[in-house]
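Structural features, examined
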Amino acid sequence: MSDSPLLQPIILNGLTLPNRLVRSATWEGMCDEEGRPTEKLIDTYRSLALGQVGLIMSGYAFVTLDGKQLPGKMGIHRDDFAPEMTALTQAVHAAGGRICMQLVHAGGQGSQAAGGRRPLAPSAVETAQYSEIPEAMSQEEINRIVAAFGAGAARAKAFGFDGVQLHGAHGYLINQFLSPHTNQRTDGYGGSAENRRRFLMEVYQRVREAVGRDYPVMIKLGLSDFLAEGLSEEEALENAKALDQAGIDAIEVSGGTPASGKQSPARGRAKTIDQEGYHLTLAHQVKQAVSCQVMVVGGFRSLELVERALTGGSADYVSLARPFIREPDLAKRWSSGDRNPATCQSCNGCFKPGLKEGGIYCVKEKMLEARKEAAEASYETQL
C-alpha cells in the first residue's frame, strides 16, 4: 500500500498532512447545551487521529446562537470555551492528528429555540428545507453574522485548530444566499449571481483577515442544489472560481439540500462502485477550473474509487463521513493493505442516537456487538 496515492503526503497552506483521506464534518451531538465539547467528543476525535485520518474536520460549529440547529451541536461563539476546545485540539495533536474547525450558521434551517426567535434567512420564503418560514435578514444582521464568522475563525486559531472550513453547502446560510431558491432579495445581496455571492465573499474576506494568509481556510461548497429552481452547476462553478481567485486554500465539493430528495447530502447505500462518489463529476469540473486544492465527499466506500479520484485529476483529497462513525480506524486499515470496502451501509441510523442518546454511533455495529456478547454469555452458561 505504500505506493497508493492515498498515502502520499500533501501540504495545505503550510500544514503537512500524512495522507489524502479527510474525515468530512459530521454532527456528533456530543457537546453540552451551550456548545462546549464533552469528553465523549474528545475521545471520538482522538480515536480518529489514532486511526490515521489525514485531516479531521470538526462537526459544524455555530458562530452565533441563532445559527444553531441540532442539539449537542458545537459552538464557536464564546471565548470562555477555551479550556474545553484547547483540551480537544491537544488530544488530537497528542495522537498525531490534525483537526480543522468547520464554521456554520444554519440560517433558515436553524432552531427557533436556540435563538429565541424565528430562524434568520436571506428571504422569508416557504420551502421544504425549512421547518417554518424564517425572518428575512436586515443589513445589520448580515453585518453581525459576517463579523461572527471572523470572530469564530479567530477563536478556532487561538484554540489550536489547524485550520477552518466554511460550510457553504447543504442548504445552510451561505448556501441559502447563493441559491435563487432561497434568496429572493432585491438589494445588493440578491438578484444576479454576483449579488447572491456577496455574502459568501464577505464572510470569506472577514475570516481571512481574522486568521491571516498563512493559515488554512477552506470551504465545503455546494456545486448544485439538485432542485429545478435551485443553485445550478454553472453558477456554482463561478462561485468556486471567485473563491479561488480570492485565495481560498481548498474547496470540498458537495451538493444537495434537505429538499433534494434522493439527491440529498447523505444518500442511501450504493449497490455498485459506479454509484459511489456521486459528486465526483462535479469535483472534476472544479479541479479543472481552479488552482486551489480540491476535496470531494459523497458516498465513497471503495478504496479503488478513492484512488481513482486521486489519480484521475478530480481531487487532491477524498472525504468520508459516515464510514468513520463505524470504523474510526478505516484509514489505518486501508494503509495496512486491507483493501476491503468500508463496512458502512449508509443506512443513516447513526444519527438517531445523536438526538436521543447524546451522541452518534453505528447502530448496526452496536447490534453485532450485542449479539456477540449474548452468544458468548449463552456459551458460558452452557459450560
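About the thresholds
- Residues numbered from 1 in each chain as written.
- Predicted model: local features only at pLDDT ≥ 70, side-chain atom pairs only at ≥ 80, totals over all residues.
- Heavy atoms only, no water.
- Helix = DSSP H or I, 4+ residues; strand = E, 2+ residues; numbered from the N terminus.
- Contact = heavy atoms within 4.5 Å.
- Core = buried A, V, L, I, M, F, W, Y, C linked by side-chain atoms within 4.5 Å.
- Buried < 20%, exposed > 50% of the residue type's maximum accessible area, 1.4 Å probe, protein only.
- Pairing = 2+ DSSP bridges.
- Phe/Tyr/Trp six-rings, centres within 6.5 Å; stacked < 30°, edge-to-face > 60°.
- Lys NZ or Arg CZ within 6 Å of the ring centre and 35° of its normal.

**Some points on the environment of Arg 269**
Mapping Arg 269 onto the fold places it in the loop between strand S10 (250–254) and helix H9 (280–289). Sequence spacing of Arg 269 and Asn 348 is 79 residues, and the spatial spacing of their C-alpha atoms is 9.4 Å. Those residues within four positions of Arg 269 in sequence are excluded, and the remaining contacts are Cys 344, Gln 345 and Ser 346.

**Regarding the nonpolar core**
Ranked by internal contacts, the top residues of the largest apolar core, which has 95 residues, are Met 101, Leu 103, Phe 149 and Phe 199. Setting aside its immediate chain neighbours within four residues, Phe 149 contacts Val 63, Leu 103, Val 104, His 105, Leu 166, Ile 174, Phe 199, Val 203 and Val 207. Counting 13 residues, the second largest nonpolar core, distinct from the first, contains Met 57, Met 218, Ala 250 and Met 295.

**Some points on the pairing of strand S8 (residues 164–168)**
Burial within S8 is extensive, with 5 of its 5 residues counted as buried. Neither face of S8 is exposed, since Val 164, Leu 166 and Gly 168 on one face and Gln 165 and His 167 on the opposite face are all buried. The sheet contact formed by strand S5 (residues 99–104) and S8 spans 3 bridges and is parallel. Each bridged residue has a counterpart across the sheet, and for Met 101 the counterpart in S8 is Val 164.

**Remarks on the packing of aromatic side chains**
Summed over the entire model, instances satisfying the criterion amount to 3 aromatic pairs. Judged by centre distance (5.5 Å) and plane angle (55 degrees), the ring pair of Tyr 60 and Tyr 172 falls under tilted. Linking Tyr 60 in strand S4 (residues 55–62) with Tyr 172 in the loop between S8 and helix H5 (173–178), this pair joins segments that are 112 residues apart in sequence. With a centroid separation of 4.3 Å and an interplanar angle of 15 degrees, the aromatic rings of Phe 177 and Phe 199 are classed as stacked. Here Phe 177, found in helix H5, pairs with Phe 199, found in helix H7 (residues 198–211); they are 22 residues apart in sequence, far enough to count as distant. The residues Phe 177 and Phe 199 share a single accessibility class, namely buried. Among the aromatic side chains, those forming a connected cluster through ring pairs are Phe 177, Tyr 189 and Phe 199. The ring of Tyr 60 has Lys 73 lying over it, and the distance from NZ or CZ to the ring centre is 3.8 Å. One residue, Arg 267, lies across the ring of Phe 226, its end atom 5.3 Å from the ring centre.

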